[in-house]
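So the chains spell out like this:
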Amino acid sequence: MDRRTFMAAAGVAATVSSVPALGAGGAPAKFPKGFLWGAATAAHQVEGNNVNSDCWVAEHIENSGFEEPSADAANSFELWPADLDLVRGMGLNSYRFSLEWARIEPEPGMFSIAMLNHYKAMIEGCRARHIVPVVTFNHFTTPRWFALRGGWMNDDSPDLFARFCDRAARHLSAHIGYALTLNEPNLSGVLHLVLPPGVGERLYASDKAMSEAIAKKFNVPLFLLGNGLWLPDAERVRRNMLQAHKLGRQAIKAVRGDLPVGASLAIIDDQAAGPDSKRDAMREQLYGEWLRAVRHDDFVGVQNYERTVWDAQGKVPAPAGVVRNMAGSEVYPPSLAGAVRYAHAVAGVPVMVTEHGVNSVDDRVRAQLIPPALAALKKAMDDGVPVLGYLHWSLVDNFEWNAGYKAKFGLHSVDRTTFQRTAKPSALVLGSIARKNGL
């Protein structure tokens with residue numbers, strides 16, 4: 001961290017120092033011993049040149065719905081040691097990253113030992129730096145061949161995913177700290193319900209046109225992205241993904257029974273306003289079946305970025321004058337604790353915050369979000385909610401799917417030409433909390 005960044009961080013720290021974060025008797029709020037403090041990434045979003053993936057095909061089709069291709073991304077496929085050094089240098093003790101299925105199984109049934117060894121080196125690199133590896137087996141992207149078979153619409157997809165989990169676990173599971181099967185599978189078929197008005201319809205039409213163009217190009221009946229909005233049969237996709245999670249978990253556990261396995265779910269802090277609020281109905285539609293499914297897991301990953309207030313008609317607009325993210329949504333620090341409380345109340349298993357952050361080019365927004373969000377999270381823990389750790393999204397600015405590189409979630413910026421990482425003031429804010437294991 002250079003002098004300018006340090007001085008900026010000191011200024012930000014001064015603005016958040018008044019956040020109430022005291023424990024019993026006025027003592028500083030301490031988190032439990034062994035609490036995981038970390039940052040998160042996903043393979044396609046940071047590695048670069050993921051040429052065998054479904055997203056790479058979609059990014060390069062004519063009239064693509066992606067703002068720009070992922071290209072080199074943050075070049076983390078090569079620079080993962082530098083990324084781990086950032087994690088350790090911040091004072092964090094965990095790192096969440098994903099295996100890239102398309103690299104490991106570029107053709108059906110053909111598993112690359114070289115790619116498995118690549119991720120094995122990352123896992124061992126974490127352990128050498130005293131970092132707990134939290135590994136997601138599938139973070140949205142799927143192999144091109146899988147998408148050309150219809151993706152999660154294919155009723156063979158759960159077995160294909162379980163085969164991948166088995167092979168990856170046999171090579172990699174020995175030193176993984178926590179495993180996640182799928183990332184935000186609960187969004188499949190319902191993502192349009194949580195997007196701003198007009199955005200869902202636009203992305204739906206774009207995804208549909210893209211998928212149909214790719215299917216025509218490759219002369220297949222259906223091409224389906226792993227993280228697409230358009231689903232010809234959403235119920236079928238959800239059924240297959242629920243089964244994939246179940247079989248994937250079983251495959252991992254069969255290799256290493258003591259490895260904690262869960263799934264990460266996107267959960268908004270839904271709040272009710274007035275009589276006949278739609279909140280409970282929306283919660284059931286957005287999370288119900290998945291929160292019930294993870295009752296059989298060792299933990300549930302919660303990924304929260306905002307709240308939604310529901311009345312009898314639908315979403316209530318955010319109050320005037322509030323801080324907003326780049327998408328125009330309210331930045332509401334207590335939302336994380338609200339989502340965590342709800343997830344545990346329904347699922348009944350320990351929670352890990354596997355993503356939390358904000359899309360903002362103004363890092364002050366990020367730095368000022370972290371302390372009050374963690375103070376509210378600590379209060380939930382004091383009230384009895386078991387929370388294993390907090391992993392911030394994201395370690396570095398990265399490729400944010402359809403939005404390309406416009407979105408900024410990182411604790412570090414990345415020069416897209418040199419790939420130099422530069423710490424933002426928010427990195428010091430989170431790192432200071434992690435080093436003290438308290439607020």
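Just so you know, these numbers come straight off a predicted model, no measurement behind them.

A. Region of the structure containing helix α11 (residues 279–293). Spanning 15 residues, α11 covers 21 Å between terminal C-alpha atoms, matching the ideal 21 Å at 1.5 Å per step. Maximal helix bending in α11 amounts to about 60°, located at Y287. Those residues of α11 not exposed but buried are M282, R283, L286, Y287, G288, W290, L291 and A293. Looking at the buried side of α11, the elements it contacts are β4 (178–183), α10 (234–255), β5 (261–266), β6 (269–272), β8 (307–310) and α12 (335–347).

B. Region of the structure containing the nonpolar core. In terms of nonpolar packing, the biggest core is built from 95 residues, with W37, F137, F164 and Y390 touching the most fellow members. Setting aside chain neighbours within four positions, we find F164 in contact with L99, W101, I104, E105, F111 and F137. Counting residues in each nonpolar core, the second largest holds 17 residues, with A58, I61, A147 and F399 among its members.

C. Expanded view of α10. Taking 1.5 Å of rise per residue, 22 residues should cover 32 Å, and α10 covers 32 Å from first to last C-alpha, within 8% of that figure. When α10 is considered as a whole, its buried residues turn out to be A234, V237, R238, N240, M241, A244, H245, L247, G248, R249, A251 and I252.

D. The arrangement of the pairing of strand β7 (residues 300–304) in detail. Of all five residues that make up β7, five are buried, and the element is covered over most of its length. Here β7 shows a buried face lined by V300, V302 and N304 and a second buried face lined by G301 and Q303. Taken together, the three bridges between β5 and β7 define a ladder with parallel strand orientation. Within β7, the residue paired with L265 across the bridge is V302.

E. Region of the structure containing the pattern of salt bridges. Scanning the entire structure with this criterion turns up 23 salt bridges. Across the pair K208 and E212 runs a salt bridge, and its minimum N-O distance is 2.7 Å. One end of the pair, K208, and the other, E212, are both in helix α9 (residues 199–218), four residues apart, so they sit about a helical turn from each other. Look at K208 and you get partly exposed, because its relative accessible area is 31%.

F. Representation of the packing of aromatic side chains. Inspection of every chain in the model, using the stated rule, returns 22 aromatic pairs. Of the aromatic side chains, those joined through ring pairs into one cluster are W101, F137, W145, F146, W152, F161 and F164. Between the NZ or CZ atom of R307 and the centre of the ring of Y332, over which it lies, the distance is 3.8 Å. The positively charged end of R416 is found above the aromatic ring belonging to Y405, 3.5 Å away from the centroid.

G. Molecular detail of unusual backbone geometry. Here W393 and S394 are connected by a cis peptide whose omega angle stands at 10°. For S394, the position within the fold is in the loop between β10 (387–393) and β11 (412–414). In the Ramachandran plot, A71 falls in the positive-phi region, its phi being about 50° despite a non-glycine side chain. Take A71: it is sitting in the loop between α3 (54–60) and α4 (76–90). Judged by relative accessible area, which is 29%, A71 ranks as partly exposed.

H. View of the packing of helix α13 (residues 363–382) against helix α14 (residues 425–436). Put simply, α13 and α14 touch, their axes get as near as 8 Å, and they point 15° apart. Looking at the two axes, α13 sits roughly parallel to α14. Of the two possible hands of crossing, α13 and α14 adopt the one that is right-handed. Between α13 and α14, the residues in contact are D363, R366, A367, I370, P371 and L374 and P425, S426, V429, L430 and I433, respectively.

I. Main features of the side chain of T354. Within the fold, T354 resides in strand β9 (residues 351–356). Overall, T354 belongs to the buried group, its relative accessible area being 0%. Here Q303 takes part through its side chain, which lies 2.9 Å from a polar atom of the side chain of T354.

J. Fine view of the sheet that holds β10. Taken together, the eight strands give a closed barrel; going around it, the order is β1-β2-β3-β4-β5-β7-β9-β10, and neighbouring strands pair in parallel fashion. Between one strand axis and the next, the sheet turns through 25° on average, direction left out of account. Examined bridge by bridge, strand β1 (residues 36–40) and strand β2 (residues 94–98) share three bridges and lie parallel to one another. In the strand pairing of β2, A40 is matched with R96. Helix α6 (residues 113–128) contacts β2 and β3 (132–138) of the sheet and is inclined by roughly 170° relative to β2.

K. Molecular detail of the packing of α11 against α12. The geometry of α11 relative to α12 is characterised by a closest axis approach of 10 Å and an angle of 50° between their N-to-C directions. It follows from the interaxial angle that α11 and α12 lie oblique. For the pair α11 and α12, the crossing hand works out as right-handed. Of the residues in α12, those touching α11 at R283, Y287 and L291 are Y342, A343, V346 and A347.

Analysis parameters
- Here, residues in each chain are numbered from 1, in the same order as that chain's written sequence.
- Per-residue local features of the predicted model are confined to residues with pLDDT of at least 70, and side-chain atom pairs are confined, for both listing and counting, to 80 or more; whole-chain, interface and lining totals are unaffected and use all residues.
- Water and hydrogen atoms play no part in the side-chain values, which are based on all heavy atoms of the structure.
- Numbering goes from the N terminus for both helices and strands, where a helix is a DSSP run of H or I of at least four residues and a strand is a run of E of at least two.
- A helix is expected to reach a length of 1.5 Å times the quantity of its residues less one.
- What is called the bend at a residue is the angle between a pair of axes, fitted to the seven residues leading up to and ending at it and to the seven starting from it.
- Buried, partly exposed and exposed residues are distinguished by accessible area as a fraction of the type maximum, computed with a 1.4 Å probe on protein chains only: under 20%, between the cut-offs, and over 50%, respectively.
- The contact definition used throughout considers only heavy atoms, calling two residues in contact when any of these lie within 4.5 Å.
- Residues belong to a common nonpolar core when they are buried Ala, Val, Leu, Ile, Met, Phe, Trp, Tyr or Cys residues joined through side-chain atoms within 4.5 Å.
- Here, a strand pair is defined by DSSP locating no fewer than two bridges between the strands.
- The term salt bridge refers to a pairing of a side-chain nitrogen on Lys or Arg with a carboxyl oxygen on Asp or Glu at a separation within 4 Å.
- Centres within 6.5 Å are what make two rings of Phe, Tyr or Trp a pair, Trp counting through its six-membered ring; a difference in plane orientation under 30 degrees is then read as stacked, over 60 as edge-to-face, and the rest as tilted.
- Any Lys NZ or Arg CZ found within 6 Å of a ring centre and within 35 degrees of that ring's normal is scored as a charge over the ring.
- Angles run from 0 to 180 degrees between N-to-C directions of axes, and those axes are lines fitted to C-alpha atoms, restricted for helices to the stretch in contact.
- Note on angle classes: values under 35 degrees are labelled roughly parallel, values over 145 roughly antiparallel, values of 65 to 115 roughly perpendicular, and the remainder oblique.
- Crossing handedness follows the turn of the near helix against the far one: under a right angle anticlockwise gives a left-handed crossing, and clockwise gives a right-handed one.
- By the criterion applied in these results, polar contacts are pairs of N or O atoms within 3.5 Å in which, for protein atoms, one can donate a hydrogen and the other can accept it, and in which residues neighboring in sequence qualify only through two side-chain atoms.

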